[in-house]
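# Structure assessment
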Amino acid sequence: QERDNAIASMQRFEQNSKMYSENCDKLTSELRAEKSEHANTSKKLTEISNHLRQRDDEWSTLKGSFNDKDIECRQMIINYENTLIELSESHEKSQKLEEELTKSVEKLAISTKSRQLLDEKMKNLLSKNEELKLRNQENEEERRRQNDVIEDLNKKGYDLEK
């Protein structure tokens, strides 16, 4: 029974380890995607910033179209602010994913320790099992020896079964 419990416990541990590993892989993948999105957003910000500078120079030289350029610049600023908001949200998501990944790694470490303890228990059970097998063998040899002695005595005329 103890051995079956240990085996069942080890199987649960392996399932949990697999689940934790899959969660770690998933979170790592999501984190990479978020970092990629972060890099793309940063690139967009640089492009928008460069574009804004270019538009500002054009505005200085084209005073006659001030209103049109002003509206365009305001829209670019709104886009820039929206991109900053997206970047901030992306950064928050990345932090949350990192926290979840850290928690999963901690759980995996705990599971690994549990696995080590289960392995140790299993070794102890196997050792006890071997001891019992040896004892059974010794007992069986003693029983055979005693049966041989009884059989010899019965052959010599002593009826020990009476």
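Residues numbered from 1 in each chain as written. Predicted model: local features only at pLDDT ≥ 70, side-chain atom pairs only at ≥ 80, totals over all residues. Heavy atoms only, no water.

### Some remarks on the overall build of the protein chain
Counting its regular elements, the protein chain contains two helices and zero strands. In terms of overall size, the protein chain is more extended than a compact globule, its C-alpha atoms giving a radius of gyration of 39 Å where 162 residues would be expected to give roughly 15 Å. Based on the C-alpha atoms only, the size of the protein chain along its principal axes is roughly 140 × 20 × 15 Å. Looking at the protein chain residue by residue over its 162 residues, the buried ones come to 18%. For the protein chain, long-range pairs separated by at least 24 residues make up 80% of all intrachain contacts whose partners lie at least 6 apart in sequence. As displayed, the protein chain has an accessible area near 13,000 Å², and 49% of this comes from carbon and sulfur atoms. If you average the places of the 30 positive and of the 36 negative side-chain charges in the protein chain, the two averages end up 3 Å apart. (Helix = DSSP H or I, 4+ residues; strand = E, 2+ residues; numbered from the N terminus. Rg over C-alpha atoms; globule rule 2.2 N^0.38 Å. Buried < 20%, exposed > 50% of the residue type's maximum accessible area, 1.4 Å probe, protein only. Contact = heavy atoms within 4.5 Å. Areas by Shrake-Rupley, 256 points an atom, 1.4 Å probe, with all protein chains shown as cover. Lys, Arg positive; Asp, Glu negative; His and termini not counted. Charge placed at Lys NZ, Arg CZ, Asp CG, Glu CD.)

### What to know about the pattern of salt bridges
Following the criterion strictly, the structure yields eight salt bridges and no others. A salt bridge links Arg143 to Glu140, with the shortest nitrogen-to-oxygen separation between them at 2.4 Å. Linking Arg143 with Glu140, this pair stays in helix H2 (residues 66-155), spanning three residues, or about one helical turn. When its relative accessible area of 40% is taken as the criterion, Arg143 is described as partly exposed. The shortest N-O distance in the salt bridge between Arg145 and Glu142 comes to 2.4 Å. Here the residue Arg145 and the residue Glu142 both occupy positions in helix H2, the gap between them amounting to three residues, near one helical turn. Counted as one network, the salt bridges with shared partners bring together Glu14, Arg115 and Asp119. (Salt bridge = Lys/Arg side-chain N within 4 Å of Asp/Glu carboxyl O.)

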